[in-house]
Amino acid sequence: MKSQIRSIAEIDRVIHEPGRLMIIALLFAVDRADFLYLQHETDMNKGTLSSHISRLEEARYVEVVKTYRGKVPQTVLRLTAAGRKAFEQYRRNLRQAL
Amino acid sequence: MSYVGSLLERPKAYYNIDGVGELGIGFMCLSWSLLGWLQLHTPKTSVWNQMYTFLIYVAVMTSIIHYGSKAIKNRITYPRTGFVDYRPRDKYWIPMAVGFSVSAVMAAGIAWAARRHWEISTPASLLGLLFAAGYIRIARTVAWKWLMFVILLVGTVIVAILPGEMLESFANDTSPARGISPRAAGAFWMTFVIYGAVLLVSGGISFWLYVHHTQAPAREGE
């Protein structure tokens, strides 16, 4: 019982925030996706989404590549190996705790 | 955890947000039925019954589906609701493994039944039920697609209860020489036509709704 409660304290707070959890979960299921897709799926505004992505980038969970699709600028995001591992651990901890 | 689970499923459902997935499978089913019709209604020595024609036909069909889907995604979907690149496992290996397994089992089953001169129109109805069961995955994403699911089920039932003579009339009387009874050939042909037509209509409606309810947003300032 005690270890079950302790596992809540071990939950990764970077991922646990709902906005960032949405981003990580969406990126976990794909190889890469762009900013517009995440905005469409999460319904977040550009500013909020950008700040969450910056936080995930700081934690080295997400890799951001600025590129062009034709003449249109495109921001492509990919979950890093560390991000993938952290999300799997987060799911395990959450399952154990609840 | 179900919230996270549903989030993990969303990117897979996104592939068909514009109906392209259904249009592709519908086109494939109708292409198979067209080839089947040509094979059944031409002499066994005709060009449509040659292996090289079959291979060219499959190459053209898969190229149209692959490049057509890619063109729609690049020109319409990605600028409107965003770009997604799937993992190689989801993109190639799983569909290839499923397609290969189903084709191998079907081909082996038909060949086995034909060798024993069994009447195999019932498996055509079972194939229809299998198609309909597979469609549940798509129907779960949008409420109105359950209507398409019902149409698929009704179509399967119709194929199962149609008089044998009517099914035989769809196939040519040369089909016994090919190791398959006219009735079974007609039932399989009809199943593919119904499934292809329903998917094309469903995909077409999805595509129309998608184009009319989304607009390409300004992308500067990311």
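Quick look at the structure, then.

Reading the values: rules and limits
- Residues numbered from 1 in each chain as written.
- Chains lettered and ligands numbered in written order.
- Predicted model: local features only at pLDDT ≥ 70, side-chain atom pairs only at ≥ 80, totals over all residues.
- Heavy atoms only, no water.
- Contact = heavy atoms within 4.5 Å.
- Buried area = accessible area lost by both parts, 1.4 Å probe.
- Salt bridge = Lys/Arg side-chain N within 4 Å of Asp/Glu carboxyl O.
- Polar contact = N/O pair within 3.5 Å; in protein donor to acceptor, adjacent residues only side chain to side chain.
- Helix = DSSP H or I, 4+ residues; strand = E, 2+ residues; numbered from the N terminus.
- Nonpolar A, V, L, I, M, F, W, Y, C, P; charged D, E, K, R; others polar.
- Pairing = 2+ DSSP bridges.
- Axes fitted to C-alpha atoms, helices over the stretch in contact; angles between N-to-C directions.
- Phe/Tyr/Trp six-rings, centres within 6.5 Å; stacked < 30°, edge-to-face > 60°.
- Buried < 20%, exposed > 50% of the residue type's maximum accessible area, 1.4 Å probe, protein only.
- Lys NZ or Arg CZ within 6 Å of the ring centre and 35° of its normal.

## Some thoughts on the interface of chain B and chain A
Stage number 1. Facing the 27 residues of chain B at the interface are 30 residues of chain A.
Stage number 2. Summing the contributions of chain B and of chain A, the shared interface buries around 2700 Å²; its carbon and sulfur component is 61%.
Stage number 3. Two residues, Arg32 of chain A and Asp85 of chain B, come together in a salt bridge whose shortest N-O distance is 3.1 Å.
Stage number 4. Here chain B is connected to chain A by 6 residue pairs in polar contact (both at pLDDT 80 or more).
Stage number 5. Sorting the residues of the side of chain B that touches chain A by element identifies α1 (2-14), α3 (51-81) and β1 (84-85) of chain B as the ones contributing at least two each.
Stage number 6. Examining the composition of the side of chain B that touches chain A, we find that 7 residues originate from one element, α1 of chain B, more than from any other.
Stage number 7. Taken together, the residues of the side of chain B that touches chain A sort by class into 15 nonpolar, 4 polar and 8 charged.

## Digging into the pairing of strand β2 (residues 62-69) of chain A
Residue and element names in this part refer to chain A.
Stage number 1. For β2 and strand β3 (residues 72-79), the ladder comprises 8 bridges, and the chain directions are antiparallel. Considered in β3, the bridge of Glu63 is made with Arg78.
Stage number 2. Counting the residues that bridge the hairpin from β2 to β3 gives 2 residues, and of these Gly70 lies at a positive phi of roughly 70°.

## A short note on the sheet that holds β2 of chain A
Stage number 1. Pairing in this open sheet of 4 strands is antiparallel, and the strands run β2(A)-β3(A)-β1(A)-β1(B) from one edge to the other. Of all the strands in the sheet, the pair left with one neighbour each is β2 of chain A together with β1 of chain B.
Stage number 2. In terms of strand pairing, strand β1 (residues 32-34) of chain A meets β1 of chain B through 2 bridges, oriented antiparallel. From the neighbouring strand, Arg32 of chain A faces β1 of chain B, where its bridge partner is Asp85 of chain B.
Stage number 3. Where helix α3 (residues 18-28) of chain A meets the sheet, its contacts fall on β1, β2 and β3 of chain A, and the angle it forms with β3 of chain A comes to roughly 85°.

## Concerning the packing of aromatic side chains
The description of an aromatic ring pair rests on the distance of the ring centres and on the angle between the ring planes.
Stage number 1. In this structure the tally under the stated criterion is 10 aromatic pairs over all chains.
Stage number 2. With 6.4 Å between their ring centres and 15° between their planes, Phe87 of chain A and Tyr90 of chain A make a pair best called stacked. Pair noted here: Phe87 of chain A and Tyr90 of chain A are both in helix α6 (residues 81-97), with a separation of 3 residues, about one helical turn. Summarising the burial analysis for this pair, Phe87 of chain A and Tyr90 of chain A share the class buried.
Stage number 3. With 5.1 Å between their ring centres and 40° between their planes, Trp37 of chain B and Trp189 of chain B make a pair best called tilted. In this pair, Trp37 of chain B sits in helix α2 (residues 20-40) while Trp189 of chain B sits in helix α8 (residues 182-213), placing the two residues 152 residues apart along the sequence.
Stage number 4. We classify Trp37 of chain B as partly exposed; its relative accessible area is 32%.
Stage number 5. A connected cluster of aromatic rings, assembled from ring pairs, spans Phe28, Phe87 and Tyr90 of chain A.
Stage number 6. One cation-aromatic arrangement involves Arg69 of chain A over Phe83 of chain B; the distance from NZ or CZ to the ring centre is 4.6 Å.
Stage number 7. Of note, Lys73 of chain B hangs over the ring of Tyr15 of chain B, and the distance from its end group to the ring centre comes to 4.4 Å.

## Description of unusual backbone geometry
Residue and element names in this part refer to chain A.
Stage number 1. With a phi angle near 65°, Asp43 is a residue other than glycine that sits in the positive phi range.
Stage number 2. By relative accessible area, which is 72% here, Asp43 ends up exposed.
Stage number 3. The phi dihedral of Arg60 falls on the positive side, at around 65°, and the residue is not glycine.
Stage number 4. Inspection of the secondary structure puts Arg60 in the loop between α5 (46-58) and β2.

## Thoughts on the packing of helix α4 (residues 35-42) of chain A against α3 of chain B
Stage number 1. At a closest axis distance of 7 Å, the pairing of α4 of chain A and α3 of chain B adopts a crossing angle of 60°. Between α4 of chain A, through Leu36, Tyr37 and His40 of chain A, and α3 of chain B, the contact on the second element is made entirely by Tyr78, Pro79, Arg80 and Thr81 of chain B.
Stage number 2. The residue inventory of the contact of α4 of chain A with α3 of chain B, partitioned by class, reads 4 nonpolar, 2 polar and 1 charged.

## Comments concerning the environment of Ala59 of chain A
Stage number 1. Along the chain, the position of Ala59 of chain A falls in the loop between α5 and β2.
Stage number 2. Sequence-wise, Ala59 of chain A and Ile15 of chain A are 44 residues apart; in three dimensions their C-alpha atoms are separated by 9.8 Å.

## Considerations on α3 of chain A
Residue and element names in this part refer to chain A.
Stage number 1. Burial analysis of α3 places 10 of its 11 residues in the buried class, the great majority of the element.
Stage number 2. Where α3 is concerned, the buried positions are Gly19, Arg20, Leu21, Met22, Ile23, Ile24, Ala25, Leu26, Leu27 and Phe28.
Stage number 3. The backbone nitrogen of Gly19 has a side-chain oxygen 2.8 Å away, supplied by the residue at the start of α3, namely Glu17.

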